[in-house]
Amino acid sequence: MFTQTIHRDKISNRMGPPRTISTLVIILTAMTICVVSGWSVLTPRCLPPGRILRGIATGSAAAVAIVGAGAAAVVAIDGMAKDVDGRRAVAAIYEPPSGSMDDRVVLVTGGSSGLGLETVKRLAAAGATVVLTSRTEAKGRRAVEVANDHLLRRGKLPTRGAIHNIVLDLDDLSDVMLVPSRYEALGLNRDISVLVNNAGVMAIPRREVTVDGNERTFQSNHLGHFVLTSALFPYLSREGARIVTVSSSASYFAGPDGLDLDNINGERSYGAWPSYSSSKLANVLFTRELQRRADEAGLDWLAAATLHPGVVDTDLWRYVVGEERLARMKDGRDRLGSLALGATRLFAKTPEEGASTQVYLAATSDAVVKGAFYEEMSVKADLPWFAKDDAKAKALWDASEELGRVRFDLTAAAATVGGAVADVDFSADESSDASLVEDNDEDLE
Ligand SMILES: NC(=O)c1ccc[n+]([C@@H]2O[C@H](COP(=O)([O-])OP(=O)(O)OC[C@H]3O[C@@H](n4cnc5c(N)ncnc54)[C@H](OP(=O)(O)O)[C@@H]3O)[C@@H](O)[C@H]2O)c1
């Protein structure tokens with residue numbers, strides 16, 4: 001049970017540079033980028049003086065615009081940050097006490113990088129047995145190595161648990177349905193205490209469709225996790241389990257009418273950012289409806305919560321600019337990109353800081369507010385109305401069952417881990433997708 005241990009959770013703060021310096025650096029970087037880009041785009045090689053002047057003028061105009069936006073962003077960031085002795089505390093780092101997660105199994109999706117990998121490290125350091133998912137076996141094995149090295153270097157090898165990896169591709173629902181058998185195959189013989197639905201993609205420039213015929217952002221961020229949660233539900237510990245789904249403040253911008261179920265797959269119109277916002281709003285509504293159904297069914301052992309981690313310096317931008325360009329931005333071959341990345345890093349959280357809210361929700365001995373949206377390890381009360389739209393949350397659930405070809409039954413019997421699986425047919429045959437409901441299944445209604 002999560003409430004049995006009372007301990008003092010460790011929270012520390014990283015100090016940012018003094019606010020005036022960070023403001024100046026951001027503004028100067030933005031100005032340089034704009035003047036240089038205006039110059040290089042509009043004045044290539046031997047051009048007449050008129051073009052040169054136009055290049056400088058355009059670059060400078062863009063610089064003024066960005067300076068305005070940069071200054072507004074700095075004010076907003078400073079507003080969110082706490083002042084400590086005149087310096088800016090960027091964010092708190094939450095670290096569960098060593099041993100506080102002993103005997104618990106946590107499954108983290110997208111555990112091979114960014115926030116997921118950081119979550120794996122911190123929960124393992126607290127004693128949890130962690131199962132991370134990755135899209136390929138090689139990435140998973142590498143992540144386990146990286147996490148173990150990290151723990152070794154910090155003298156924080158798990159007291160009881162260990163780190164394992166299993167393959168999961170959320171963009172292929174038949175693969176998602178194999179996760180229970182892959183979990184069983186690890187031979188842990190234990191229920192899952194925390195499921196962290198963390199994996200995600202962001203702002204894919206052009207509409208892409210998965211093998212299941214769904215828009216990729218929607219499936220990776222919401223639908224795949226819906227089907228996964230349903231498949232793993234019988235494996236959750238009835239002694240106390242949490243489902244933590246990583247959303248984003250991007251969900252606030254899905255409006256003005258909230259989730260558009262008629263365009264959930266971007267079939268009418270597709271935009272990179274609208275599709276991301278909509279998928280992150282789906283994370284919030286899913287959490288709400290999941291908790292509502294659990295409460296209605298009297299499942300008081302379950303707490304579901306969702307969160308915004310903050311703006312975090314991870315590789316999530318690779319979906320926007322491409323893996324190859326991001327690599328060039330990181331190693332300095334793309335000079336403008338490197339400058340922009342450097343400026344962003346001044347105010348973005350480190351993965352260590354960014355993972356704090358999800359680590360907190362997975363590990364804290366405090367009671368988690370059921371169905372709530374968290375930010376900075378606290379419940380965020382002032383959500384837009386469409387993030388609390390219960391009718392839409394229910395409609396999304398129905399649509400997800402249909403598109404996911406699965407019936408998510410919260411009252412299904414618990415699986416007997418390590419033995420026969422009661423009342424649930426999760427075939428261990430990797431080639432089978434028998435537990436997916438057929439498209440034309442009349443019972444689906
Ligand atoms: N970074 C931020 O500022 C920020 C802000 C708000 C919310 N978030 C949310 O935080 C979560 C983690 O993102 P991150 O910032 O840590 O980025 P990240 O480093 O890019 O991590 C994303 C993870 O998701 C995995 N993934 C993507 N598509 C998948 C699929 N179809 N099946 C299985 N796994 C898949 C990736 O695996 P591969 O390596 O194989 O691609 C990767 O491990 C996301 O849900 C994101 O929306 C991030």
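Up top is the structure these notes are about.
Everything numeric in this text was worked out from a predicted model, so none of it was measured.

Definitions and limits used
- Residues numbered from 1 in each chain as written.
- Predicted model: local features only at pLDDT ≥ 70, side-chain atom pairs only at ≥ 80, totals over all residues.
- Helix = DSSP H or I, 4+ residues; strand = E, 2+ residues; numbered from the N terminus.
- Buried ≥ 20, exposed ≤ 12 C-beta atoms within 10 Å, placed from the backbone.
- Contact = placed C-beta atoms within 7 Å.
- Near = placed C-beta within 6 Å.
- Nonpolar A, V, L, I, M, F, W, Y, C, P; charged D, E, K, R; others polar.
- Core = buried A, V, L, I, M, F, W, Y, C linked by C-beta atoms within 7 Å.
- Pairing = 2+ DSSP bridges.
- Axes fitted to C-alpha atoms, helices over the stretch in contact; angles between N-to-C directions.
- Right-handed = clockwise from strand over helix to strand, strands pointing away.
- Parallel < 35°, antiparallel > 145°, perpendicular 65-115°, else oblique.
- Left-handed = near helix turned anticlockwise from the far one by under 90°.

A. Here's a closer look at the overall build of the chain. Looking only at helices and strands, the chain features 14 helices and 11 strands. Each of the 445 residues in the chain was classed as buried or not, and the buried ones make up 41%. Within the chain, contacts between residues at least 6 apart in sequence are counted, and of these 77% link residues at least 24 apart.

B. The arrangement of the site of the ligand in detail. The ligand sits among 27 residues. The nearest are Gly-110, Gly-114, Ala-199, Gly-200 and Thr-314. Element by element, the count of residues in the shell around the ligand is highest for helix α3 (residues 114-125), at three residues. Of the residues belonging to the shell around the ligand, the class tally is 11 nonpolar, 11 polar and five charged.

C. Looking closely at the nonpolar core. Core analysis: the largest hydrophobic core is formed by 78 residues, its most contacted members being Val-106, Leu-123 and Val-130. Apart from the residues within four sequence positions on either side, Leu-123 is in contact with Met-101, Val-106, Ala-128, Val-130, Val-359, Ala-362 and Ala-363.

D. Region of the structure containing the sheet that holds strand β5 (residues 129-134). The eight strands lie next to each other as β6-β5-β4-β7-β8-β9-β10-β11, forming an open sheet whose pairing is mixed. Either end of the sheet is taken by a strand with one partner, and the two such strands are β6 (163-167) and β11 (378-379). Relative to β11, strand β10 (residues 373-375) is paired through two bridges, and the arrangement is antiparallel. Across the sheet, the residue bridging to Tyr-374 is Val-379, located in β11. Where helix α4 (residues 137-153) meets the sheet, its contacts fall on β5 and β6, and the angle it forms with β6 comes to roughly 165 degrees. Packed on one face of the sheet, helix α8 (residues 272-296) meets β8 (241-246), β9 (302-308) and β10 and runs near 165 degrees to β9.

E. Highlighting the environment of Arg-190. You can see Arg-190 is positioned in the loop between α6 (179-185) and β7 (194-197). Residue Arg-190 is classed as partly exposed on the basis of its 16 C-beta neighbours within 10 Å. Counting along the chain gives 87 residues from Arg-190 to Asp-103, while the straight-line C-alpha distance between them is 8.8 Å.

F. Region of the structure containing the pairing of β5. With respect to burial, β5 is a largely interior element, six of its six residues being buried. Of the two faces of β5, the one carrying Thr-129, Val-131 and Thr-133 and the one carrying Val-130, Leu-132 and Ser-134 are both buried. Alignment of strand β4 (residues 105-108) against β5, held across four bridges, turns out to be parallel. When the bridges of β5 are listed, Val-108 appears paired with Leu-132. Between the parallel elements β4 and β5, the chain passes through α3 in a crossover that is right-handed. Note: β5 against β6, five bridges, orientation parallel. Considered in β6, the bridge of Ser-134 is made with Val-167.

G. Highlighting the packing of α8 against helix α14 (residues 390-404). Packing of α8 against α14 brings their axes to within 9 Å, and their N-to-C directions diverge by 95 degrees. For the element pair α8 / α14, the angle class is roughly perpendicular. Each of Ala-282, Leu-285, Phe-286, Arg-288 and Glu-289 in α8 lies in contact with α14, whose residues at this interface are Asp-390, Lys-392, Ala-393, Lys-394, Leu-396 and Trp-397. Considered class by class, the residues forming the contact of α8 with α14 number six nonpolar, no polar and five charged.

H. The packing of helix α7 (residues 216-232) against α8, seen in detail. In the contact formed by α7 and α8, the axes pass within 8 Å of each other and the chain directions differ by 15 degrees. The angle between α7 and α8 falls in the class roughly parallel. As for the relative orientation of α7 and α8, their crossing is left-handed in sense. Packed against α7, whose contacting residues are Thr-217, Phe-218, Asn-221, His-222 and Phe-226, the element α8 presents Ser-275, Tyr-276, Ser-279, Lys-280, Ala-282, Asn-283 and Phe-286 at the interface. In the contact of α7 with α8, the residues fall into five nonpolar, six polar and one charged.

I. Inspection of the environment of Arg-405 at higher detail. You can see Arg-405 is positioned in the segment after α14. Residue Arg-405 is classed as partly exposed on the basis of its 19 C-beta neighbours within 10 Å. For Arg-405 and Val-227, which are 178 residues apart along the polypeptide, the C-alpha to C-alpha distance reads 8.5 Å.

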